[in-house]
Amino acid sequence: MRKNIVAGNWKMNNDLPQTESLLQDLKKHVIPENVSVMVAPAFTNLFQAFEYLRETPIEVIAQNMHQSKKGAFTGEVSAQMLKSVGVNTVIIGHSERRAYFNETNAILAEKVSAALDSDMQVIFCFGEELNDRKQGEHLEVVNAQLEQGLFHIEESQMKNVILAYEPVWAIGTGETASPDQAQEIHKYVREHVKRAYNTAIAENISILYGGSVKPANAQEIFAKPDVDGGLIGGAALKAEDFMAIVNAF
Ligand code: 13P
């Protein structure tokens, strides 16, 4: 059985005091047993988040990492560094990394391998831009992102991969993919995973939807059979909204 997952991507928001305040608010809530909850604070706040959430089922995850083990890469953070502060899961391939930091499918493929080889779990993000969808090319774009960024990994490593479909046009825009649009892509991707690997892997992999998920729309999106949860941006910055989404299954 695949897991229901709700992960909050805090992006470049919240300094340390603001992070502590959000963590305190999160700690007040009871986490339902049918969902794995994760939060991704900025690198500077990971250690604090880990300390705060130690006694809770909420997992602290990272937003990014470098593909090299160590060395002269000013400003970067390695898998080992993340693991040493208690982080075992990392988001890779977010559209903001692709767009603003020139992370190509080839670089992302290296990052995925580096994380999995370090025994980390990966949330692999993919999704088309508005233009791709307008031209009816969204399936091809998603295909290429998966084939070039992810499908090089071995079958045995796929159990440590979570997928996150985030259409770029729906991120931070208030515009959400309709539940049917999300389901179409999620089903398509699961079938693609089945062709590339096998039925068991396809059935067990969690595929999250991301892009303007909020308390008001989470339930109908999560109700779709191939949507196994969400990767949440803006709404993850308020504990109440985030927990309303967590409770939307
Ligand atoms: P929003 O929920 O703010 O649209 O962001 C989604 C996202 O990018 C999560 O990674």
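None of these values were measured; they are calculated from a predicted model.

A. How the structure looks around the overall build of the chain. The secondary structure content of the chain amounts to 11 helices and eight strands. Computed over the C-alpha atoms, the radius of gyration of the chain is 17 Å, within 12% of the 18 Å expected from 2.2 N^0.38 for a compact globule of 249 residues. Judged by the C-alpha coordinates and their principal axes, the chain covers about 45 × 45 × 35 Å. For the chain, the separation between the mean place of its 22 positive charges and that of its 32 negative charges on side chains is 2 Å.

B. The arrangement of the pattern of salt bridges in detail. Enumeration according to the criterion identifies 13 salt bridges in this entry. With a closest N to O distance of 3.9 Å, Arg 2 and Asp 226 form a salt bridge. Of the two residues, Arg 2 is situated in the segment before strand S1 (5-9) and Asp 226 in the loop between helix H10 (215-222) and strand S8 (229-232); the sequence distance between them amounts to 224 residues.

C. How the structure looks around the packing of H10 against helix H11 (residues 239-246). Two numbers describe how H10 lies on H11: the axes approach to 8 Å, and their chain directions differ by 20°. The angle between H10 and H11 falls in the class roughly parallel. Between H10 and H11 lies a crossing whose hand is right-handed. Listed contacts from H11 to Pro 215, Ala 218 and Phe 222 of H10 are Asp 241, Ala 244 and Ile 245. For the contact of H10 with H11, the class distribution of residues is five nonpolar, no polar and one charged.

D. Here's a closer look at the nonpolar core. With 68 residues, the main nonpolar core has Phe 124, Leu 150, Leu 163 and Phe 242 as its most contacted residues. Counting 12 residues, the second largest nonpolar core, distinct from the first, contains Ile 91, Cys 125, Ala 164 and Leu 208.

E. Inspection of the side chain of Asn 143 at higher detail. With respect to the helices and strands, the residue Asn 143 is situated in helix H7 (residues 138-149). We classify Asn 143 as buried; its relative accessible area is 16%. Setting aside its immediate chain neighbours within four residues, Asn 143 contacts Tyr 188 and His 192.

F. Structural context of H7. For H7, which comprises 12 residues, the first-to-last C-alpha distance of 16 Å matches the rise-based estimate of 16 Å (1.5 Å per residue) to within 8%. Of all the residues in H7, the buried ones are His 138, Val 142, Asn 143, Gln 145, Leu 146 and Gly 149. End-on, the buried residues of H7 take up no more than an arc of 170°, which puts them together on one face. Among the structural elements, helix H4 (95-100), helix H5 (105-117), strand S5 (121-126), helix H6 (130-134), strand S6 (161-165) and helix H8 (179-196) are those in contact with the buried residues of H7.

Thresholds applied
- Residues numbered from 1 in each chain as written.
- Predicted model: local features only at pLDDT ≥ 70, side-chain atom pairs only at ≥ 80, totals over all residues.
- Heavy atoms only, no water.
- Helix = DSSP H or I, 4+ residues; strand = E, 2+ residues; numbered from the N terminus.
- Rg over C-alpha atoms; globule rule 2.2 N^0.38 Å.
- Lys, Arg positive; Asp, Glu negative; His and termini not counted.
- Charge placed at Lys NZ, Arg CZ, Asp CG, Glu CD.
- Salt bridge = Lys/Arg side-chain N within 4 Å of Asp/Glu carboxyl O.
- Axes fitted to C-alpha atoms, helices over the stretch in contact; angles between N-to-C directions.
- Parallel < 35°, antiparallel > 145°, perpendicular 65-115°, else oblique.
- Left-handed = near helix turned anticlockwise from the far one by under 90°.
- Contact = heavy atoms within 4.5 Å.
- Nonpolar A, V, L, I, M, F, W, Y, C, P; charged D, E, K, R; others polar.
- Core = buried A, V, L, I, M, F, W, Y, C linked by side-chain atoms within 4.5 Å.
- Buried < 20%, exposed > 50% of the residue type's maximum accessible area, 1.4 Å probe, protein only.
- Expected span 1.5 Å × (residues − 1).
- Arc of directions from axis to C-beta.

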